[in-house]
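# Architecture and fold: a report
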Amino acid sequence: MLDIRLIREQAEMVRARLRQRGGEAWTLVDEVLSLDEARRLAETEKQSLQSERNRVSKEIGMARKQGGETSGIEAEMRAMGDRVDVLGRESAELDARQEALLLSLPNLPHEGCPVGAGAEENPEVRAWGQPVVLDFVPQDHVALGKELKMLDFEAGVKISGSAFVVYRGAGARLERALINFLLDLHTTQHGYTEIAPPLLVRPEALVGTGQLPKFEDQLYACERDGLYLLPTAEVPVTNLHREEIVDPGDLPICYAAYTPCFRREAGSAGLGTRGLIRMHQFDKVELVKICLPQDSAAELEKLTADAEKVLQLLGLHYRVIELCTGDIGFGASKTYDIEVWAPGQGSYLEVSSCSCFGDYQSRRMKLRYRDAATKKNLFPHTLNGSGTALARLFVALVETHQQADGSIALPTALQPYFGAAEIRVS
RNA sequence: GGAGAGGUGGCUGAGUGGUCGAAAGCAACGCUUUGCUAAAGCGUCGUAGCCCUUAAAGGCUACCGAGGGUUCGAAUCCCUCCCUCUCCGCCA
């Protein structure tokens with residue numbers, strides 16, 4: 001959520017930055033401002049009447065004790081009470097509309113965010129390694145998964161529908177090995193605290209991180225209970241400190257969480273894609289940070305490096321791109337995407353998206369810290385990134401390390417977790 | 001799912017219609033004093049919105065689980081809901 005004071009005081013700047021995103025959000029700034037003005041007008045009038053009523057009510061109390069006659073003034077106060085009610089309703093209505101509008105506005109892109117219209121203008125920041133060179137025609141993970149009896153897409157369809165999969169045998173074991181490898185790496189090497197959160201979350205949590213109210217159609221809902229299946233662990237984990245005032249001495253707070261993620265992918269272009277690339281349910285290890293505003297730029301670099309380390313240890317070629325203003329996510333102010341090379345696909349796959357949200361999420365979820373110098377409650381910055389998404393990592397891993405004989409040679413780092421050096425037809 | 005108890009400031013805990021944003025204690029912070037691993041005294045000590053202001057300071061309003069209602073006036077009375085705890089039932 002954007003700071004209403006910032007919009008008031010620097011409307012032109014806010015409009016300009018929102019405009020860089022493309023879309024129509026910037027046109028709503030005027031509406032926010034006029035609502036804000038009307039709201040404050042009603043609020044001010046209501047409060048001065050309340051003040052008057054409080055004062056007179058005390059007088060009535062005292063007069064009654066002394067046996068005075070108060071019926072005339074009480075009638076006056078009754079009329080004033082009605083007026084307060086009307087103004088109260090009016091300002092509450094304006095307040096709700098302003099709140100709804102502010103919740104629907106995306107974050108401002110960071111000043112340093114490259115300006116561009118869409119994904120094709122995202123600059124590449126760096127790359128690691130080279131696309132693997134195979135002296136045979138590579139198979140894709142669907143074929144490998146079938147031959148090695150790791151992936152059963154038909155069973156996924158039978159049980160749950162399209163874009164669901166069943167992992168089995170070595171596939172299930174590989175998935176589990178990857179989860180443990182990732183969690184161990186981030187908790188023992190990178191300083192994150194492991195979290196195992198609930199998978200069903202309340203709407204307030206989704207408002208806090210920005211999925212609601214705007215993206216409800218992307219969520220699976222359990223209507224009877226008013227709960228949603230989480231689309232990412234970012235939601236429960238960032239919301240751990242919702243409506244709290246955290247001790248600045250505890251910052252940065254760094255969490256790592258493994259969860260499945262559930263996404264309806266409504267209207268999504270790639271939903272029909274073959275294989276594991278876009279599923280309604282996929283596993284992910286998520287990294288979340290809460291830090292002081294002045295540290296967030298450095299923390300984003302560290303977070304991204306922590307995610308990259310995964311791919312390096314698994315011997316997977318990748319590139320890091322920075323999202324331009326036209327492609328950056330709703331709540332993010334700066335984002336790096338990590339894309340891993342998948343030879344069976346002949347393309348790069350996004351396995352991590354590392355973002356700094358500035359105070360956008362903390363303002364939505366009323367997450368604050370008390371500034372030592374000014375004693376004021378300020379909003380910390382929040383960050384998160386995949387460390388990493390599992391399904392696509394699985395794809396890149398088996399496609400990169402496939403052998404001519406159809407087996408898969410596991411990277412050293414993964415062998416203790418998998419319990420073998422290779423996967424082959426038994 | 002059934003029965004009961006309860007939700008007050010960082011914590012404990014008073015407060016059943018009027019100067020209560022809320023006693024007291026604890027914790028925390030600041031100052032003073034004495035000093036040896038601490039004590040005593042004094043002071044400060046919730047959150048948010050609005051007004052004023054360059055800012056600081058200040059003024060006002062709201063908030064005692066949430067939302068309604070009664071009343072000139074509600075932490076206090078009434079209604080609905082939510083949550084927590086205990087017991088019973090069910091259950092991985």
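From a predicted model like this one, the values you see are computed outputs, not experimental measurements.

## Quick notes on the overall build of chain A
Helix and strand counts for chain A come out as 13 helices and 18 strands. Summarising its shape, the C-alpha atoms of chain A cover approximately 100 × 45 × 40 Å along the three principal directions. The long-range fraction of contacts in chain A, counting pairs at least 24 apart against all pairs at least 6 apart in sequence, stands at 73%. If you sum the accessible surface of chain A, you get close to 20,200 Å²; carbon and sulfur atoms cover 50% of it.

## Quick notes on the protein's contact with RNA strand B
Near RNA strand B you find 24 residues, and of these Q50, M62, R64, R78 and R370 are the closest. Put simply, 68% of the atoms of RNA strand B that lie within 4 Å of the protein are in sugar or phosphate. Within the side chain of S51, a nitrogen or oxygen atom sits 3.1 Å from a sugar or linking oxygen of RNA strand B. In the environment of RNA strand B, a phosphate oxygen lies 3.5 Å from a nitrogen or oxygen atom belonging to the side chain of K376. Broken down by secondary-structure element, the contributors of at least two residues to the surface near RNA strand B are α1 (4-9), α3 (29-65), α4 (71-104) and β14 (368-370). Broken down by element, the residue count for the surface near RNA strand B peaks at 15 residues, all from α3. Taken together, the residues of the surface near RNA strand B sort by class into three nonpolar, eight polar and 13 charged.

## Considerations on the domain arrangement of chain A
Domain annotation of chain A identifies domain 1 (4-104) and domain 2 (119-423). Placing the centre of domain 1 and that of domain 2 at their C-alpha centroids yields a distance of 43 Å. Listed per partner, the contact involves four residues of domain 1 and eleven residues of domain 2. Roughly 650 Å² is buried in total at the junction of domain 1 and domain 2, and carbon and sulfur atoms are behind 47% of that figure. Among the residues of domain 1 in contact with domain 2, R21, L103 and S104 are the three that bury the most area, contributing 79% of the side total. On the surface where domain 1 and domain 2 come into contact, there are zero salt bridges.

## Considerations on the packing of helix α2 (residues 11-19) against α3
Between α2 and α3, the least distance of the axes is 10 Å, while the angle of their chain directions is 145°. Contact with α2, carried on its side by A11, V14, R15 and L18, involves V29, D30 and L33 of α3 and no other residues of that element. Among the residues forming the contact of α2 with α3, the class breakdown is five nonpolar, no polar and two charged.

## Comments concerning the pattern of salt bridges
One pass over the structure, following the stated rule, counts 26 salt bridges. D36 is paired through a salt bridge with R39; the nearest N and O atoms lie 2.7 Å apart. Of the two residues, D36 and R39 both sit in helix α3, three residues apart, roughly one turn of that helix. In this pair, the class of D36 matches that of R39, namely buried. Between R274 and D140 there is a salt bridge, and its shortest N-O distance comes to 3.1 Å. Taken together, the residues span a long stretch of sequence, with R274 in the loop between β9 (253-262) and β10 (281-291) and D140 in the loop between β1 (124-128) and α5 (141-147) at a distance of 134 residues. The network of salt bridges with shared partners includes R8, D36, R39, R40 and D95.

## A word on the nonpolar core
Membership of the largest hydrophobic core comes to 58 residues, with the highest contact counts inside it found for L174, L276, L311, L314 and L414. Those residues in contact with L174, other than ones at most four positions away along the chain, are F394, L397, V398, L410, L414, F418 and I423. Membership of the second largest hydrophobic core comes to 20 residues, among which are V14, V29, V32 and Y360.

## Things to note about the side chain of T335
Secondary-structure assignment places T335 in strand β12 (residues 334-342). For T335, the side chain forms a polar contact with the side chain of S355, separated by 2.7 Å. Residues within four places of T335 in sequence aside, it is in contact with I321, E322, L323, I328, S353, C354 and S355.

So, how was this worked out
- Residues numbered from 1 in each chain as written.
- Chains lettered and ligands numbered in written order.
- Predicted model: local features only at pLDDT ≥ 70, side-chain atom pairs only at ≥ 80, totals over all residues.
- Heavy atoms only, no water.
- Helix = DSSP H or I, 4+ residues; strand = E, 2+ residues; numbered from the N terminus.
- Contact = heavy atoms within 4.5 Å.
- Areas by Shrake-Rupley, 256 points an atom, 1.4 Å probe, with all protein chains shown as cover.
- Near = heavy atom within 4 Å.
- Polar contact = N/O pair within 3.5 Å; in protein donor to acceptor, adjacent residues only side chain to side chain.
- Nonpolar A, V, L, I, M, F, W, Y, C, P; charged D, E, K, R; others polar.
- Domains from an automatic or database assignment.
- Buried area = accessible area lost by both parts, 1.4 Å probe.
- Salt bridge = Lys/Arg side-chain N within 4 Å of Asp/Glu carboxyl O.
- Axes fitted to C-alpha atoms, helices over the stretch in contact; angles between N-to-C directions.
- Buried < 20%, exposed > 50% of the residue type's maximum accessible area, 1.4 Å probe, protein only.
- Core = buried A, V, L, I, M, F, W, Y, C linked by side-chain atoms within 4.5 Å.

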